[in-house]
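Chains, contacts and geometry: an overview
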Amino acid sequence: RGGGGELDQCADGISQIERHAEQLGKYVKDLDKRGANIPQLLRKVEEEMDSGRYLTEETGKYLKGRLRETDLSKMTRHRLEKLARQFEATGGRFEAVSRTVLEKQRQLSGTLADQERGGPRPPPSP
């Protein structure tokens, strides 16, 4: 079966995952900016993470399934293995940025909750 188009789609999926990771990294920096619209940025972060996660899952399933095939030509297997290595590296970057984003969200949700209660509490006096 002709897998050239599928392999190109897979490579494109990996590039898209990389773009999601880069965008998430930018959003993390934006969240630190003074005057940032935190709720709007957090919505964008959620959308970016959901899209990236979906692409990562689907691309991983595709690569796993294709690499299990026993009747692949040497060239196709080589290209799939190369894509799998790229996918692992890119997926790792996406996961690392996602962890950073989740940590930032936890910090911000605490800050937003403090603001809703009337500001951060001063530390207790000794």
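Everything discussed here concerns the structure shown above.
Here is a short report on the structure shown in this document.

Calculation rules
Residues numbered from 1 in each chain as written. Predicted model: local features only at pLDDT ≥ 70, side-chain atom pairs only at ≥ 80, totals over all residues. Heavy atoms only, no water. Helix = DSSP H or I, 4+ residues; strand = E, 2+ residues; numbered from the N terminus. Buried < 20%, exposed > 50% of the residue type's maximum accessible area, 1.4 Å probe, protein only. Contact = heavy atoms within 4.5 Å. Salt bridge = Lys/Arg side-chain N within 4 Å of Asp/Glu carboxyl O. 1 Å grid on protein atoms, 1.4 Å probe; cavity = no way out; pocket = protein on both sides within 12 Å on 5 of 7 lines; lining within 4 Å. Points joined across faces, edges and corners; volume = space filled by probe spheres on them. Nonpolar A, V, L, I, M, F, W, Y, C, P; charged D, E, K, R; others polar.

1. Focus: the side chain of S98
Turning to its location among the elements, S98 is positioned in helix 3 (residues 74-116). Classification of S98 by relative accessible area gives buried; the value is 4%. Setting aside residues no more than four positions away along its own chain, S98 makes contact with L24 and M49.

2. A closer look at the pattern of salt bridges
Throughout the structure, instances matching the rule amount to nine salt bridges. Here D50 makes a salt bridge to R53, at a shortest N to O gap of 3.3 Å. Of this pair, D50 and R53 are both found in helix 2 (residues 38-68), three residues apart, which corresponds to roughly one turn of the helix. On the basis of relative accessible area, D50 is assigned to the partly exposed category, the value being 42%. R53 gets classed as partly exposed once you look at its relative accessible area, which sits at 35%.

3. Digging into the layout of surface pockets
Considering only enclosed or pocket space, the largest pocket measures out at about 170 Å³ in volume. Around the largest pocket, the lining residues are E6, Q9, C10, G13, Y54, L55, E58, T59 and Y62. Contributions of two or more residues to the lining of the largest pocket are made by helix 1 (4-31) and helix 2. A class-by-class count of the residues in the lining of the largest pocket yields four nonpolar, three polar and two charged.

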